[in-house]
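Residue-level structural notes
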Amino acid sequence: MTEAMIRKKPGMASVKDMPLLQDGPPPGGFAPVRYARRIPNTGPSAMAIFLAAFGAFSWGMYQVGQGNKVRRALKEEKYAARRAILPVLQAEEDERFVKEWKKYLEYEAEVMKDVPGWKVGENVYHSGRWVPPASGELRPEVW
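Computed from a predicted structure; not experimentally measured. (Residues numbered from 1 in each chain as written. Predicted model: local features only at pLDDT ≥ 70, side-chain atom pairs only at ≥ 80, totals over all residues. Heavy atoms only, no water.)

1. Some remarks on the overall build of the protein chain
From N to C terminus, the protein chain includes two helices and zero strands. Evaluated residue by residue, the protein chain yields a buried proportion of 3% over its 143 residues. Taking contacts inside the protein chain between residues at least 6 apart in sequence as the whole, the part at least 24 apart equals 36%. A total accessible area of about 13,400 Å² is found for the protein chain, and carbon and sulfur atoms account for 62% of it. (Helix = DSSP H or I, 4+ residues; strand = E, 2+ residues; numbered from the N terminus. Buried < 20%, exposed > 50% of the residue type's maximum accessible area, 1.4 Å probe, protein only. Contact = heavy atoms within 4.5 Å. Areas by Shrake-Rupley, 256 points an atom, 1.4 Å probe, with all protein chains shown as cover.)

2. Some thoughts on the pattern of salt bridges
Under the counting rule described, the total for this entry stands at four salt bridges. The salt bridge involving Arg96 is made with Glu93; its shortest N-O contact spans 2.7 Å. Of this pair, Arg96 and Glu93 are both found in helix 2 (residues 46-111), three residues apart, which corresponds to roughly one turn of the helix. A salt bridge links Glu100 to Lys103, with the shortest nitrogen-to-oxygen separation between them at 3.9 Å. Of this pair, Glu100 and Lys103 are both found in helix 2, three residues apart, which corresponds to roughly one turn of the helix. (Salt bridge = Lys/Arg side-chain N within 4 Å of Asp/Glu carboxyl O.)

3. Section: the packing of aromatic side chains
Following the criterion strictly, the structure yields three aromatic pairs and no others. Seen from their ring centres, Phe50 and Phe54 are 6.4 Å apart, and the 20° between their planes marks the pair as stacked. One end of the pair is Phe50 and the other is Phe54, both in helix 2 and four residues apart, which spans about a single turn. Comparing Phe50 with Phe54 shows no difference in burial state: the two are exposed. An aromatic cluster is built from Phe97, Trp101 and Tyr104, whose rings are joined through pairwise contacts. (Phe/Tyr/Trp six-rings, centres within 6.5 Å; stacked < 30°, edge-to-face > 60°.)

4. A look at helix 2
At Ile85, helix 2 shows its largest kink, close to 40°, and the proline Pro87 lies no more than four residues downstream. For helix 2, the set of buried residues is Phe97, Glu100, Tyr104 and Glu108. (Bend = angle between axes of the 7 residues up to and from the residue.)

5. Description of the environment of Glu110
The residue Glu110 is located in helix 2 in this model. Taking the C-alpha atoms as reference points, Glu110 and Val120, 10 residues apart in sequence, are found 9.6 Å from one another.

Below you can see the structure in the form of structure tokens.
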């Protein structure tokens, strides 16, 4: 592109012949630059934030308390069910124990038949109180 097309003037002999074209502010000047710190005063106050947080905390603790009541009721129901079936389970265990004890006494009589003075089923500790045997004691096949 030529200078004549840019400046809309006929060609010039020197750059000094060109009219002065300088950037400057728009007419009326630039808008003022905001450089001051402006803190908006909108939004909740500290007291409002505190009260909202306290309310949320209080509601949450209320919900925890309600959950504890429900959990306590479920736990009591579970324990009541266990207490209800405990006699049945104990009766089954007693029946199993009697069968195993009879087998154990027969086995003891067979093993100790050659020992003089041995009494089958007699406690060797003589403590005066009955103590149930250990679980492996009634199962000779486990020994």
